[in-house]
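Survey of secondary and tertiary structure
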Amino acid sequence: MSEELNGLQVTILNLENGTKQYDNIKAVRIHSEKYRLLIMKDHAPILGQIKGSIYLLTDDEEIVFKDVHGFFTNIKNNFKFIENDRT
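What you see is a predicted model; the values in this text were computed from it and never measured.

**Some remarks on the packing of aromatic side chains**
- Under the defined criterion, the tally for this structure stands at 2 aromatic pairs.
- Plain terms: the ring middles of Tyr 22 and Phe 65 are 6.3 Å apart, the flat faces sit at 70° to each other, and that makes the pair edge-to-face. Residue Tyr 22 is found in strand β2 (residues 18–25), and its partner Phe 65 is found in strand β6 (residues 62–75); the two are separated by 43 residues along the sequence.
- When its relative accessible area of 17% is taken as the criterion, Tyr 22 is described as buried.
- Look at Phe 65 and you get buried, because its relative accessible area is 18%.
- An angle of 20° between the planes, with centres 5.6 Å apart, marks the rings of Phe 72 and Phe 79 as stacked.

The structure is reproduced here in structure tokens:
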């Protein structure tokens, strides 16, 4: 059995760095061209496109992905972002 997470499980996928996974993220902030979002544990399912920045907030740090372009989903406390090729 798996241990229950205290926050979100986040997966970031891009061609340059492959897949990175982060556990127990307290919040995901999205700053896109047309909107701003704050996604926290038990947030309603959502999907969308990002052209901007993603901020992953933990108890100790803030992990930043700037100038990203791609698509995301958040379903059952599992946030996934797939980056488009920048070329």
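**Some points on the pattern of salt bridges**
- Per the stated rule, a full pass over the model turns up 2 salt bridges.
- Residue Asp 59 pairs with Lys 26 through a salt bridge whose shortest N-O separation is 4.0 Å. Taken as a pair, Asp 59 in the loop between β5 (46–57) and β6 and Lys 26 in the loop between β2 and β3 (27–32) lie far apart in primary sequence, 33 residues in all.
- The class for Lys 26 is partly exposed, based on a relative accessible area of 30%.
- With a shortest N-O distance of 3.3 Å, Glu 62 and Arg 29 are connected by a salt bridge. Of this pair, Glu 62 sits in strand β6 while Arg 29 sits in strand β3, and the two are 33 residues apart along the sequence.
- According to the relative accessible area criterion, Arg 29 is partly exposed, its value standing at 27%.

**A look at the environment of Asp 60**
- Mapped onto the secondary structure, Asp 60 falls in the loop between β5 and β6.
- Distance from Asp 60 to Arg 36, taken between C-alpha atoms, is 23 Å for residues 24 residues apart in sequence.

**Brief notes about unusual backbone geometry**
- Positive phi outside glycine occurs at Lys 76, with the angle close to 50°.
- You can see Lys 76 is positioned in the loop between β6 and β7 (78–83).
- With relative accessibility at 77%, the residue Lys 76 sits in the exposed group.

Rules used throughout
- Residues numbered from 1 in each chain as written.
- Predicted model: local features only at pLDDT ≥ 70, side-chain atom pairs only at ≥ 80, totals over all residues.
- Heavy atoms only, no water.
- Phe/Tyr/Trp six-rings, centres within 6.5 Å; stacked < 30°, edge-to-face > 60°.
- Helix = DSSP H or I, 4+ residues; strand = E, 2+ residues; numbered from the N terminus.
- Buried < 20%, exposed > 50% of the residue type's maximum accessible area, 1.4 Å probe, protein only.
- Salt bridge = Lys/Arg side-chain N within 4 Å of Asp/Glu carboxyl O.

By themselves these figures say nothing about function.
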